[in-house]
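Per-entry structural report
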Amino acid sequence: MNGLTLSSPAAARGFARPACFLVLVAVVAILLIAPLVTYPLFLIKILCFVLFAAAFNLALGYAGLLSFGHAAFFGGGAYIAAHAAKIWHLPFELAVLSGTAFAAVLGLVFGALSIRRHGIYFAMITLALAQLVYFMAVQMPFTGGEDGIQAVPRGYLLGMLDLRNITAMYYTVLGGTLIGLVIIWRAVNSPFGHTLSAIRENETRVTSLGLKPDRYKLIVFTLSAALSGFAGSMKAIAFQLASLVDVTWHMSGEVILMTLLGGMGTLIGPIVGSTLVVGLEHFLSTSGLPITFIIGLVFVICVMMFRRGVFGELKLFVDRRSK
């Protein structure tokens, strides 16, 4: 036949494009009306962890860098942003940029010290460095110790939008999260991102082509750290609190869980995983059930049944059906 049948790959792709567009429109519509039907502060928490998990996935899923210390960037950015807003009286945007810049510098230092190691050695070095940040957060006067930095003012966005209004705060965090996700999407779908994938698959071959893998890994690790700090900064100001919880090794483990649960190496996977984990924590918080045990059980079940993560397995199923 000269024409295309509906079962052909080209036809499937043709029908997939409008379907993807409709899904995108539906998601945008849901995000816009979500504060009208759900508590905005809960949605803000989801958005911050979506960006955090997506930033972590940029290092792990696309460059193969398993970091056990990403809480240092998330929590470090939160502390600096909270301090800048409360003590230095910087406006919202400058406070967030301060936290992001600090996390980027910290990521550059961590990367320079650990990037030449591979596998578990790299992971343990990042964990050790993150623990140093945790102990500094406990001891340094400006962090408030176990009390953290409380009563952080939200201020105004661009001097006009009052962020004390929780709905305004939600849309501001939504915009920041979308900007972060667009940066990740652009990085992944560029020659730089393709080089990262090649390094993850066969670093020796990339070296033989005259490229320097360590340089690429350092750049992506720093970018991942900066975006993690961006997420932590927005969370600290939105919740008006920066605490030790944000810099503990538990936080590093939680973002790994979110990424693996949703599906690493995909742009949508961390979004699914972080939404699932934060949602479970929220709805089980008043149930009296052991939340950590239940989330761990869900993770074990997903690993056994969905080895590529929830979204990863769904994507594989759709790809097989379209062939």
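These numbers were taken from a predicted model, which means no experiment stands behind them.

1. Re the packing of aromatic side chains
Evaluation of the coordinates by the stated rule reveals 9 aromatic pairs. For the pair Phe52 and Phe74, a centre-to-centre distance of 4.3 Å together with 15° between the ring planes defines the contact as stacked. One end of the pair, Phe52, is in helix H2 (residues 40-63); the other, Phe74, is in helix H3 (residues 71-86), and 22 residues separate them in sequence. Seen in terms of ring centroids, Phe122 and Phe221 are 5.8 Å apart; in terms of plane orientation they differ by 80°. Their pairing is edge-to-face. Of the two residues, Phe122 sits in helix H5 (residues 119-139) while Phe221 sits in helix H9 (residues 213-239), which places them 99 residues apart along the sequence. Considered together, Phe122 and Phe221 belong to a single accessibility category, that of buried residues. Just above the ring of Phe239 sits the side chain of Lys235; from NZ or CZ to the centre is 5.3 Å.

2. Some points on a nonpolar patch on the surface
Together, Val28, Leu32, Ile33, Leu36, Val37 and Tyr171 make up an exposed nonpolar region whose accessible area comes to about 610 Å². Top contributing element to the nonpolar patch by residue count: helix H1 (residues 9-37), with 5 residues. Here Leu32 shows up in helix H1. Judged by relative accessible area, Leu32 falls into the partly exposed class, the value being 44%.

3. Examining the pattern of salt bridges
What the rule picks out here adds up to 5 salt bridges. Here Asp162 and Arg164 are joined by a salt bridge, their closest N and O atoms 3.0 Å apart. Residue Asp214 pairs with Lys217 through a salt bridge whose shortest N-O separation is 3.8 Å. With Asp214 and Lys217 both in helix H9, this residue pair falls 3 residues apart, about one helical turn. Owing to a relative accessible area of 28%, Asp214 belongs among the partly exposed residues under this scheme. Look at Lys217 and you get buried, because its relative accessible area is 3%.

Criteria and cut-off values
Residues numbered from 1 in each chain as written. Predicted model: local features only at pLDDT ≥ 70, side-chain atom pairs only at ≥ 80, totals over all residues. Heavy atoms only, no water. Phe/Tyr/Trp six-rings, centres within 6.5 Å; stacked < 30°, edge-to-face > 60°. Helix = DSSP H or I, 4+ residues; strand = E, 2+ residues; numbered from the N terminus. Buried < 20%, exposed > 50% of the residue type's maximum accessible area, 1.4 Å probe, protein only. Lys NZ or Arg CZ within 6 Å of the ring centre and 35° of its normal. Patch = residues over 30% accessible without salt bridge, like charges linked within 9 Å, V, L, I, M, F, W, Y side chains within 5 Å. Areas by Shrake-Rupley, 256 points an atom, 1.4 Å probe, with all protein chains shown as cover. Salt bridge = Lys/Arg side-chain N within 4 Å of Asp/Glu carboxyl O.

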